[in-house]
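# Examining the three-dimensional arrangement
The chain contents come next:
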Protein chains: 2
Amino acid sequence: MKRVPFEEMHGQMRQVLLKYGFSAERANLSARLFAEASRDGVYSHGLNRFPRFIEFIQNGYVKVNNSPLRTAQMGAIEQWDGQQGPGNLNAHFCMARAIELAQTKGMGLVALRDTNHWMRGGSYGWQAADAGMMAICFTNTTPNLPPWGAKEAVLGNNPLIIAVPRSGGHVVLDTAMTQFSFGKLESYRRAGKMLPVEGGFDEKGNLTRDPAQIEKTNRALPFGFWKGSGLSLMLDLMASMLAGGKSTIQISRQDRPDEYNLSQFFMAINPNSIGEPRHYEQVLTDTITAMHRAARADEKQAILYPGERVIKTRVENMKLGVPVDEEYWTKVLSL
Amino acid sequence: MKRVPFEEMHGQMRQVLLKYGFSAERANLSARLFAEASRDGVYSHGLNRFPRFIEFIQNGYVKVNNSPLRTAQMGAIEQWDGQQGPGNLNAHFCMARAIELAQTKGMGLVALRDTNHWMRGGSYGWQAADAGMMAICFTNTTPNLPPWGAKEAVLGNNPLIIAVPRSGGHVVLDTAMTQFSFGKLESYRRAGKMLPVEGGFDEKGNLTRDPAQIEKTNRALPFGFWKGSGLSLMLDLMASMLAGGKSTIQISRQDRPDEYNLSQFFMAINPNSIGEPRHYEQVLTDTITAMHRAARADEKQAILYPGERVIKTRVENMKLGVPVDEEYWTKVLSL
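Bear in mind the structure is a predicted one, so any value in this text is a computation, not a measurement. (Residues numbered from 1 in each chain as written. Chains lettered and ligands numbered in written order. Predicted model: local features only at pLDDT ≥ 70, side-chain atom pairs only at ≥ 80, totals over all residues. Heavy atoms only, no water.)

### Observations regarding the interface of chain B and chain A
- At the junction of the two partners, chain B supplies 88 residues and chain A supplies 87 residues.
- Summed over both partners, the interface of chain B with chain A comes to about 6900 Å²; 78% of that surface belongs to carbon and sulfur atoms.
- Per-residue buried area on chain B facing chain A is highest for Lys227, Met241 and Ile274 of chain B; these three make up 12% of the total on that side.
- Between chain B and chain A we count 0 salt bridges in total.
- Counting across the interface, chain B meets chain A through 24 residue pairs in polar contact (both at pLDDT 80 or more).
- The residue makeup of the side of chain B that touches chain A, split by class, is 52 nonpolar, 25 polar and 11 charged. (Contact = heavy atoms within 4.5 Å. Buried area = accessible area lost by both parts, 1.4 Å probe. Salt bridge = Lys/Arg side-chain N within 4 Å of Asp/Glu carboxyl O. Polar contact = N/O pair within 3.5 Å; in protein donor to acceptor, adjacent residues only side chain to side chain. Nonpolar A, V, L, I, M, F, W, Y, C, P; charged D, E, K, R; others polar.)

Right, dumping it as structure tokens:
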């Protein structure tokens, strides 16, 4: 497996973005967010996604130097228009704004419309936690998930991120609405493996563990069946209603299968506004310790909190270099 | 099946609460919340739960006339101490306060500690939606859910409620962290039925559809396996850290198996603070219509949005009377 030092990966993508007209500061931040996704083990939304991001610039979906504009505000809540700017820069900007609001108002909510794919959703949870904030954020997508009981995609596989800051390593949940992301299905198929649990439907409409069957029908399973389906709807409605933007079904048009004009939700909550650091630490320590010490279902399988594996991967990849798929790396070098 | 008119059910429980020392207004509201749970089809947390609530008063866990006291605030966020007051009154009070905050600050968050079981969580979502607010609320519980990979309960089956107001009937998700609540398992077992999908573990540690096996091991399945497990942890941490209260694992003590000293989270978001009613309606109409019109997986099974069945049940029960389990009804009449 080829590994590339983090700084080299970051620098390479930064160079490409400069070539495409990003200002120096914006090229640096956007490339860093891509490189950090790979560094943290989210390869599907790091380097591997970068060539497609460049295509979206080329075909005009992503306007490289557009930034969000505020369109409404009241107290701790604001609405911004993303103006089709780069998804990761728009998202980073809005989370930073939510954090700023939370510093004086206890919490802040920024709803963003007309933006692009934010790449790795977890980025904005880690961003908030690094600033000492709790966070809840989510985005909608193009229709790619049938509601429970349907064969037809009406809802989106909207990622949901919840973050809690912790001195020993943040607790960050970063989950899509399907049991397995499309990236995961692909990895299992390429490895010739069946999924550990059912992940979608085959052509007869039966649940299956075969990733190839699910890719064929494009009917992934919402996690928790009807529960993930309901959750997906709620996130879509909240993001699009508050942003003054499009809901998943409104994003879809036959003449534009590509994903843009998304609606997103960024909330930061300042625990220091009402709480005591010593109490937080006690809650975190007691809870995480109890999880780690709990009797295991399988002695060989550790019990992990969300985000725990990320830190391990990050440390390893910073030391040894970030693993790359040679095909994608060569592609990025040629951009 | 015996049915009791809503007003009679409400009046009966109100009388009991007056007998136990509730003030007139508090008896009326608490009894109404119980009766409305049954009216809306959530029988497990309506009338059927009322006798146990009275026991909790008798043994001193619930202090009938204690109300929440504010312990900290900043901008749109507040922390309150529930003082062991009745769980449904405390929760209703805190959601009302979050709504009040959202009216002038765009949104409001109230974190509540040292409270009791809130009964039907959905109540507070419907309360917010009736006031034109979106809502996110959740509570922790005693340890009753093993984290993914564990055999031992460390996390709670924390209900999560998300509500979006809608003129044609609110959209309200009210979900526990398990695939099936303990109440649902009991119903399936009593009806001699297997679950439609796997709902927990048997004594050999295998997934099963047999409700009796799951009740025996007390190992219900988090919805979406590792995903529901992660979500349960995040909700527990946020509620307890912000409330200055206990997390699930801290609630548990060998000498007190009963559930009290809970931590809860009530958030109201005012869509009118930054948005346009016409836009909301369009989002809601387009999305709900697309769901209803989507090609069905099973022609006989309608595709429903969260809360849709509640309205249907409510209308029917107001017309025909609220169905009661005669055993519980007789018990309540005797209190």
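### So, the nonpolar core
- One finds Phe265 and Ile269 of chain A together with Phe265 and Ile269 of chain B to be the most contacted residues of the largest nonpolar core, which totals 86 residues.
- Look past the residues within four positions of Phe265 of chain B in its chain and what remains in contact with it is Ile269 of chain A together with Leu109, Val110, Ile136, Cys137, Phe138, Met238, Ala239 and Leu242 of chain B. (Core = buried A, V, L, I, M, F, W, Y, C linked by side-chain atoms within 4.5 Å. Buried < 20%, exposed > 50% of the residue type's maximum accessible area, 1.4 Å probe, protein only.)

### Some thoughts on the relation of the copies chain B and chain A
- Mapping chain B onto chain A leaves a residual RMSD of 0.0 Å; the transformation is a rotation of 180 degrees accompanied by 0.0 Å of translation along its axis. Read as a symmetry element, the transformation amounts to a two-fold axis. Ranked by how close their C-alpha atoms come to the rotation axis, the residues of chain B are headed by Gly224 of chain B, at 2.1 Å.
- In this assembly the copies share their binding face: 99% of the residues contributing to the interface of chain B also contribute to that of chain A. (Least-squares fit on C-alpha atoms with pLDDT ≥ 70 in both.)

### Section: unusual backbone geometry
Residue and element names in this part refer to chain A.
- Although it is not a glycine, Gln84 adopts a positive phi angle of roughly 60 degrees.
- On the secondary structure map, Gln84 appears in the loop between β3 (77–81) and α4 (87–105).
- A relative accessible area of 15% means that Gln84 is categorised as buried.
- Although it is not a glycine, Met119 adopts a positive phi angle of roughly 65 degrees. (Helix = DSSP H or I, 4+ residues; strand = E, 2+ residues; numbered from the N terminus.)

### Focus on the pairing of strand β7 (residues 171–175) of chain A
All names here are of chain A.
- In terms of burial, β7 is a largely internal element, 4 of the 5 residues being buried.
- Relative to β7, strand β6 (residues 160–164) runs antiparallel, the two sharing 5 bridges. From the neighbouring strand, Ala163 faces β7, where its bridge partner is Val172.
- Counting the residues between successive antiparallel strands, the hairpin from β6 to β7 contains 6 residues, one of them, Gly169, with a positive phi of roughly 125 degrees. (Pairing = 2+ DSSP bridges.)

### Re helix α2 (residues 24–39) of chain B
Residue and element names in this part refer to chain B.
- Here α2 contains 16 residues, and its C-alpha end-to-end distance of 22 Å stays within 8% of the 22 Å for a straight helix at 1.5 Å per residue.
- Within α2, 12 of the 16 residues are buried, which leaves the element mostly enclosed by the surrounding structure.
- Where α2 is concerned, the buried positions are Arg26, Ala27, Leu29, Ser30, Ala31, Leu33, Phe34, Ala35, Glu36, Ala37, Ser38 and Arg39.
- In the core, the buried residues of α2 are packed alongside α1 (6–19), α3 (50–58), α4 (87–105), α5 (122–130), α11 (308–320) and β11 (322–324).
- Among the residues trailing α2, Gly41 stands out with phi positive, at a value near 95 degrees. (Expected span 1.5 Å × (residues − 1).)

### Describing the packing of α2 of chain B against α4 of chain B
Residue and element names in this part refer to chain B.
- Packing of α2 against α4 leaves a shortest axis separation of 9 Å and a crossing angle of 95 degrees. Here α2 lies roughly perpendicular to α4, going by the angle between them. Note on element contacts: α4 touches α2 through Asn88, Leu89 and His92, opposite Arg26, Leu29, Ser30, Arg32, Leu33 and Phe34.
- Looking at the contact of α2 with α4 residue by residue, the class counts come to 4 nonpolar, 3 polar and 2 charged. (Axes fitted to C-alpha atoms, helices over the stretch in contact; angles between N-to-C directions. Parallel < 35°, antiparallel > 145°, perpendicular 65-115°, else oblique.)

### A few points about the sheet that holds β6 of chain A
All names here are of chain A.
- Overall, mixed pairing links the 7 strands, which are arranged β2-β3-β4-β10-β5-β6-β7 in an open sheet. The strands lining the two open edges of the sheet, one partner per strand, are β2 (69–74) and β7. Within the sheet, the average angular offset between the axes of one strand and its neighbour, ignoring direction, is 10 degrees.
- Relative to β6, strand β5 (residues 134–139) runs antiparallel, the two being bridged by 4 bridges. Following the sheet pairing, Ile136 is matched in β6 by Ile162.

### Examining the packing of helix α10 (residues 277–293) of chain A against helix α8 (residues 226–243) of chain B
- Between α10 of chain A and α8 of chain B, whose axes approach to 10 Å, the crossing angle comes to 155 degrees. By the angle between their axes, α10 of chain A is roughly antiparallel relative to α8 of chain B. When you trace α10 of chain A past α8 of chain B, the crossing you get is right-handed. In contact with His279, Tyr280, Val283, Leu284, Thr287 and Met291 of chain A of α10 of chain A, α8 of chain B contributes Leu233, Asp236, Leu237, Ser240 and Met241 of chain B.
- Classifying every residue of the contact of α10 of chain A with α8 of chain B by side-chain character gives 7 nonpolar, 3 polar and 1 charged. (Left-handed = near helix turned anticlockwise from the far one by under 90°.)

### Some remarks on the packing of aromatic side chains
- By the definition in use, this model includes 33 aromatic pairs over all chains.
- Between Phe50 of chain B and Phe53 of chain B, the aromatic rings sit 6.3 Å apart at their centres with planes inclined by 40 degrees, giving tilted as the arrangement. In this pair, Phe50 of chain B and Phe53 of chain B are both assigned in helix α3, 3 residues apart and thus about one turn of the helix distant.
- Phe50 of chain B gets classed as buried once you look at its relative accessible area, which sits at 0%.
- Taking the relative accessible area as the measure of exposure, Phe53 of chain B reaches 4% and is therefore buried.
- Put simply, the rings of Trp148, Phe225 and Trp226 of chain A together with Phe180 and Tyr188 of chain B touch in pairs and so form one group of aromatic residues. (Phe/Tyr/Trp six-rings, centres within 6.5 Å; stacked < 30°, edge-to-face > 60°.)

### A short note on the side chain of Glu259 of chain A
All names here are of chain A.
- Relative to the elements of secondary structure, Glu259 occurs in the loop between α9 (248–251) and β10 (262–269).
- Arg49 provides the closest opposite charge to the buried, unpaired Glu259, separated from it by 4.9 Å.
- There is a polar contact of 2.9 Å between the side chain of Glu259 and the backbone nitrogen of Thr142.
- When sequence neighbours within four positions are dropped, the list of residues in contact with Glu259 reads Phe56, Asn116, His117, Thr141 and Thr142. (Lys, Arg positive; Asp, Glu negative; His and termini not counted.)

### Section: the sheet that holds strand β10 (residues 262–269) of chain B
Residues and elements named next belong to chain B.
- Reading across from one edge, β2-β3-β4-β10-β5-β6-β7 is the order of the 7 strands in this open sheet, with mixed pairing throughout. Looking along the sheet, the strands with just one partner apiece sit at the ends: β2 (69–74) and β7 (171–175). Between one strand and the next, the sheet's axes are offset by a mean angle of 10 degrees, whatever the strand orientation.
- Contacts from α4 reach β2, β3 (77–81), β4 (107–115), β5 (134–139) and β10 within the one sheet, and its direction differs from that of β4 by about 160 degrees.
- Lying over the sheet, α8 contacts β3, β4, β5, β6 (160–164) and β10, oriented at roughly 90 degrees with respect to β10.

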